[in-house]
Amino acid sequence: MTIRIGISGKRNILAAEKKRVCQEIENRIREILFEKKATAFIGYTSLAIGADSIFAEVVTNVFKQSLKIILPFRLDEYLKDFESQSEKDFLTGTVQRYNDSIVVVDSIPVNTEERKEAYLNAGKYIADICDDIIFVWDELKPKGKGGTADIIGYLAEKKTATQVKFIKTSPVENE
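Here the structure is a predicted model, which is why all the values come from computation and not from measurement.

Our focus in this paragraph is the confidence of the model for the protein chain. The predicted structure's coordinates, where accompanied by low pLDDT, should not be read in detail. Confidence in the prediction of the protein chain, expressed as mean pLDDT, is 88, and 93% of residues score 70 or more. Within the protein chain, no element has a lower average pLDDT than strand 6 (residues 166–168), which sits at 82, and none a higher one than strand 2 (residues 40–45), at 97.

Take the pattern of salt bridges next. Two side chains that carry opposite charge are able to pair once their charged atoms sit near each other. Taken as a whole and judged by the stated rule, the model has 13 salt bridges. Here Lys10 and Asp138 are joined by a salt bridge, their closest N and O atoms 3.5 Å apart. Of this pair, Lys10 sits in the loop between strand 1 (2–9) and helix 1 (15–36) while Asp138 sits in the loop between strand 5 (132–137) and helix 6 (148–158), and the two are 128 residues apart along the sequence. Across the salt bridge formed by Arg28 and Glu35, the nearest N and O atoms sit 3.9 Å from each other. We classify Arg28 as buried; its relative accessible area is 12%. Residue classification places Glu35 among the partly exposed residues on the basis of a relative accessible area of 41%.

Here the focus is the packing of aromatic side chains. Think of a pair of aromatic rings as described by two things: how far the centres are apart, and how the planes are tilted against each other in angle. One pass over the structure, following the stated rule, counts 5 aromatic pairs. Arranged with centres 5.5 Å apart and planes meeting at 75°, the rings of Phe41 and Phe63 form a pair that is edge-to-face. On the criterion of sequence distance, the pair formed by Phe41 in strand 2 and Phe63 in the loop between helix 2 (51–62) and strand 3 (66–71) is long-range, its members being 22 residues apart. Residue classification places Phe41 among the buried positions, given a relative accessible area of 2%. Relative to Tyr78, the ring of Phe73 has its centre 6.1 Å away and its plane inclined at 80°; by these criteria the two rings are edge-to-face. Judged by its relative accessible area of 0%, Phe73 falls in the buried class. Put simply, the rings of Phe73, Tyr78, Phe82 and Tyr119 pair up and form one aromatic cluster. Its end group placed over the ring of Phe82, Arg11 keeps NZ or CZ at 5.0 Å from the ring centre.

Parameters at a glance
- Residues numbered from 1 in each chain as written.
- Predicted model: local features only at pLDDT ≥ 70, side-chain atom pairs only at ≥ 80, totals over all residues.
- Heavy atoms only, no water.
- pLDDT = per-residue confidence, 0-100.
- Helix = DSSP H or I, 4+ residues; strand = E, 2+ residues; numbered from the N terminus.
- Salt bridge = Lys/Arg side-chain N within 4 Å of Asp/Glu carboxyl O.
- Buried < 20%, exposed > 50% of the residue type's maximum accessible area, 1.4 Å probe, protein only.
- Phe/Tyr/Trp six-rings, centres within 6.5 Å; stacked < 30°, edge-to-face > 60°.
- Lys NZ or Arg CZ within 6 Å of the ring centre and 35° of its normal.

Okay, here's the thing in structure tokens:
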């Protein structure tokens, strides 16, 4: 049986925590597969830097499973939200490898509010379509619409019987 596992998580993860977060994502995937009695899965991610990209690497490199990439809007616009060239190269390269497995949730936003709404909609899409979702979170209130806390809240409202588990990270200043 193949299931769908998604990710929603912090972009800024301390360098000292990345290895632990990677291991905990791997452990959580094994736990989900065991709980669901599944032998295979498809990973759903928006490929943001941080938890999303760590998840993508675990899905493809450790488990050798497929990815479904959920973009809040077209790639050329999404790239504007990535600062370094290495982040842009990672995103572009991964998208090219999985070009036939991309879902674009919204049209190009014309203002900041629409941009945040598109991020929220991408997170909701992942929560709606997946059998389980992994959260990587620092337990802080959201600083804007569309963050991990919003998706945890959305999932808690949508699936009231589901206990939301998450991998805890340290807060990073300047987020």
